[in-house]
Amino acid sequence: MIKTSISILDCDFNNLEYEINRVNNSNSDLIHIDIMDGHYVPNLTIGPEVIKDIRKCTKIPFDVHLMITPVNPLLEDFAKSGSDIITFHPEAEDNPKGTIEIIKSLGCKVGISLNPSTEINVLDKIIEDIDLILVMTVVPGFGGQSFMHDQLEKIENIRKLIDATGKDIELEVDGGINFETSQLAINAGADVLVAGTSTFQGGQDNYANNISKLRSRS
């Protein structure tokens, strides 16, 4: 089954409780939370305290994407705030395998995120130890960018790597996902789609329908 992870990056942060309640009614599988530090990527978003506050508003699992460096010093804070999946970029730490072990010890699932320029061979020594691979189909840092079609081959190749392990590793795609590009990502092998704008189109009454359209296979 194709899952959706609804991004709150474009939400109104002046009224996050209202925005999370909208997501509660969307039939989404996950809530995607982008954490940016203004250093690893040229933007700033939120930290563990905000996640802790919105955790009170929903039981939907939190899919937390760390676009920060260093990663390790903040892992415990993000885990304690209510994160269910913690995804990081392998180049953000000198020893990604060690970071994976820390995340697991904190009781969270582990994801690895690949930028458009990141080669898939970074997965060679760690793929057996992770729960999710996130392929960025935009350059991380800002929402509203267009889907990079040249990443479809990467998605296909990672799908083959996952299948070869025989493990239950989810393949997530983030960046420019809409009703057209979602089909391209699914056909390439994705089983989790990160979406924000395309979910919220047409108001709250349309959320469930929008998610169904994103999940459907052409």
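Cut-offs and rules
- Residues numbered from 1 in each chain as written.
- Predicted model: local features only at pLDDT ≥ 70, side-chain atom pairs only at ≥ 80, totals over all residues.
- Heavy atoms only, no water.
- Axes fitted to C-alpha atoms, helices over the stretch in contact; angles between N-to-C directions.
- Helix = DSSP H or I, 4+ residues; strand = E, 2+ residues; numbered from the N terminus.
- Parallel < 35°, antiparallel > 145°, perpendicular 65-115°, else oblique.
- Contact = heavy atoms within 4.5 Å.
- Nonpolar A, V, L, I, M, F, W, Y, C, P; charged D, E, K, R; others polar.
- Salt bridge = Lys/Arg side-chain N within 4 Å of Asp/Glu carboxyl O.
- Buried < 20%, exposed > 50% of the residue type's maximum accessible area, 1.4 Å probe, protein only.
- Phe/Tyr/Trp six-rings, centres within 6.5 Å; stacked < 30°, edge-to-face > 60°.
- Lys NZ or Arg CZ within 6 Å of the ring centre and 35° of its normal.
- Pairing = 2+ DSSP bridges.

Novice: So what's going on with the packing of helix H6 (residues 181–188) against helix H8 (residues 207–215)? Residues and values would help.
Specialist: At their nearest, the axes of H6 and H8 sit 8 Å apart, and the two run at 45° to each other. When the interaxial angle is binned, H6 and H8 end up oblique. For the pair H6 and H8, contact is made by Ser 182, Gln 183 and Ile 186 and by Lys 213, Leu 214 and Arg 215, respectively. Of the residues assigned to the contact of H6 with H8, the class counts are 2 nonpolar, 2 polar and 2 charged.

Novice: So what's going on with the pattern of salt bridges? Which residues, and what values?
Specialist: Taken as a whole, this structure holds 10 salt bridges when the rule is applied. Lys 56 is paired through a salt bridge with Asp 53; the nearest N and O atoms lie 3.7 Å apart. Judged by relative accessible area, which is 67%, Lys 56 ranks as exposed. The class for Asp 53 is partly exposed, based on a relative accessible area of 44%.

Novice: Explain the environment of Thr 118 residue by residue, including any values.
Specialist: Note on placement: Thr 118 falls in the loop between strand S5 (109–114) and strand S6 (132–136). Given a relative accessible area of 10%, Thr 118 falls into the buried group. Here the alpha-carbon distance between Thr 118 and Pro 90, two residues 28 residues apart in the chain, equals 9.4 Å. Excluding residues within four positions of it along the chain, Thr 118 makes contact with Glu 91 and Lys 154.

Novice: Can you explain the packing of aromatic side chains? Please cite residues and give values.
Specialist: Given two aromatic rings, one states the distance between the centres and the angle between the planes to describe the pair. Going through the model one piece at a time under the given rule, you end up with 0 aromatic pairs. Positioned above the aromatic ring of Phe 62, the side-chain terminus of Arg 55 is 3.7 Å from the ring centre. Looking at Lys 213, its charged tip hangs above the ring of Phe 179, at a distance of 4.1 Å from the centre.

Novice: So what's going on with the sheet that holds strand S3 (residues 62–67)? Residues and values would help.
Specialist: The strand order around the closed barrel formed by 8 strands is S1-S2-S3-S4-S5-S6-S7-S8, and the pairing between neighbours is parallel. With direction set aside, neighbouring strand axes in the sheet form an average angle of 25°. Bridge count between strand S1 (residues 3–7) and strand S8 (residues 192–195): 4 bridges; the pairing is parallel. Considered in S8, the bridge of Thr 4 is made with Leu 193. Against the sheet, H8 touches S1 and S8, its axis set at about 125° to S1.

As far as function goes, none of this settles anything; it's purely spatial.
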